[in-house]
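Each chain, written out:
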Amino acid sequence: MKKIIFTEKAPAPIGPYNQAVLVDNTLYTSGQIALNPETMELVLDDIKTETHQVMQNMKAVLEAANMTFENVVKTTIFIMNMNDFATINEAYASYFDEKTAPARETVQVACLPKNVNVEISMIAVK
C-alpha cells in the first residue's frame, strides 16, 4: 500500500509528482532543489547555502514521514559542476554521522530543473 507524503515545510511539487511516497516502511523521496518553501524562490547565494537549503527541504519531507536522516539508506546527488563536489559534500556531510551515513552516488549532469546547481533524492527505511 502506498501513502503519499506531503508537507508545507518543503517546496510544493512543480510537476506531476509527489514530495515522497511511503511503501510499507520504505520512503522514496523526489529530488529536492534549493527552493525556499515559504516563497518558492530559489536560494542560490552560493553552492554551500544552496546545498543546505536542499538538505533542509529533505529534512522536512523526512519529518513528514516521521523519519530523520538516521533512517536514510541511500542518496543520489546530481550536480552541475564536479568542481563543486567538495563544498557540496561538506554541507551534505553535516547532516549525517559518518559511521552510519547512507550509501550514495554523485553524478554530474548537463542541466537540472530551474538551472540549479544541485539536486538530492533519498530512500529511507523505518
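Scroll up to find the structure.
Below, the structure is looked at part by part.

Cut-off values and rules
Residues numbered from 1 in each chain as written. Predicted model: local features only at pLDDT ≥ 70, side-chain atom pairs only at ≥ 80, totals over all residues. Heavy atoms only, no water. Patch = residues over 30% accessible without salt bridge, like charges linked within 9 Å, V, L, I, M, F, W, Y side chains within 5 Å. Areas by Shrake-Rupley, 256 points an atom, 1.4 Å probe, with all protein chains shown as cover. Salt bridge = Lys/Arg side-chain N within 4 Å of Asp/Glu carboxyl O. Helix = DSSP H or I, 4+ residues; strand = E, 2+ residues; numbered from the N terminus. Buried < 20%, exposed > 50% of the residue type's maximum accessible area, 1.4 Å probe, protein only. Axes fitted to C-alpha atoms, helices over the stretch in contact; angles between N-to-C directions. Parallel < 35°, antiparallel > 145°, perpendicular 65-115°, else oblique. Left-handed = near helix turned anticlockwise from the far one by under 90°. Contact = heavy atoms within 4.5 Å. Pairing = 2+ DSSP bridges. Phe/Tyr/Trp six-rings, centres within 6.5 Å; stacked < 30°, edge-to-face > 60°.

## Some remarks on a nonpolar patch on the surface
Argument step 1. Nonpolar side chains collect at one region of the surface, where Ile 14, Tyr 17 and Met 40 lie side by side and expose about 260 Å² of accessible area between them.
Argument step 2. For Tyr 17, the position within the fold is in the loop between β1 (2-5) and β2 (20-23).
Argument step 3. Residue Tyr 17 is classed as partly exposed on the basis of its relative accessible area of 37%.

## Topic: the packing of helix α1 (residues 47-64) against helix α2 (residues 85-93)
Argument step 1. Direction vectors running N to C along α1 and α2 enclose 40 degrees, while the axes themselves pass 9 Å from each other. One way to sum up the angle between α1 and α2 is to call them oblique. In the packing of α1 onto α2, the handedness of the crossing is right-handed. Residues Ile 47, Lys 48, Thr 51, His 52 and Met 55 of α1 pack against Thr 87, Ile 88, Glu 90, Ala 91 and Tyr 92 of α2.

## Brief notes about the pairing of strand β3 (residues 26-29)
Argument step 1. Summarising the sheet, β2 and β3 pair through four bridges and their orientation is antiparallel. By the bridge assignment, Val 21 is partnered in β3 with Tyr 28.
Argument step 2. In sequence, β2 turns back onto β3 through a hairpin of two residues, with Asp 24 there showing a positive phi of about 55 degrees.
Argument step 3. Relative to strand β6 (residues 118-125), β3 is paired through three bridges, and the arrangement is antiparallel. Along β6, the bridge assignment pairs Leu 27 with Ala 124.

## A look at the sheet that holds β6
Argument step 1. The sheet built from six strands is open, its strands ordered β1-β2-β3-β6-β4-β5 with mixed pairing. A single partner strand is all that each edge strand has here, and the edge strands are β1 and β5 (103-108). Across the sheet, the mean angle from the axis of one strand to that of its neighbour is 15 degrees, orientation sign disregarded.
Argument step 2. The sheet contact formed by strand β4 (residues 72-79) and β5 spans six bridges and is parallel.

## Description of the pattern of salt bridges
Argument step 1. Inspection of the entire model under this criterion finds two salt bridges.
Argument step 2. For the salt bridge of Glu 105 with Lys 74, the shortest nitrogen-to-oxygen distance reads 2.4 Å. Of this pair, Glu 105 sits in strand β5 while Lys 74 sits in strand β4, and the two are 31 residues apart along the sequence.
Argument step 3. Here Glu 105 falls in the partly exposed class, since its relative accessible area comes to 32%.

## Thoughts on the packing of aromatic side chains
Argument step 1. Applying the stated criterion to the full structure yields three aromatic pairs.
Argument step 2. For the pair Phe 69 and Phe 96, a centre-to-centre distance of 5.3 Å together with 70 degrees between the ring planes defines the contact as edge-to-face. Note that Phe 69 is positioned in the loop between α1 and β4 and Phe 96 in the loop between α2 and β5, a separation of 27 residues in sequence.
Argument step 3. Under the relative-accessibility criterion, Phe 69 is labelled buried at 10%.
Argument step 4. Using a relative accessible area of 12% as the deciding quantity, one classes Phe 96 as buried.
Argument step 5. Grouping aromatic residues by their ring pairs yields a cluster made of Phe 69, Tyr 92, Tyr 95 and Phe 96.

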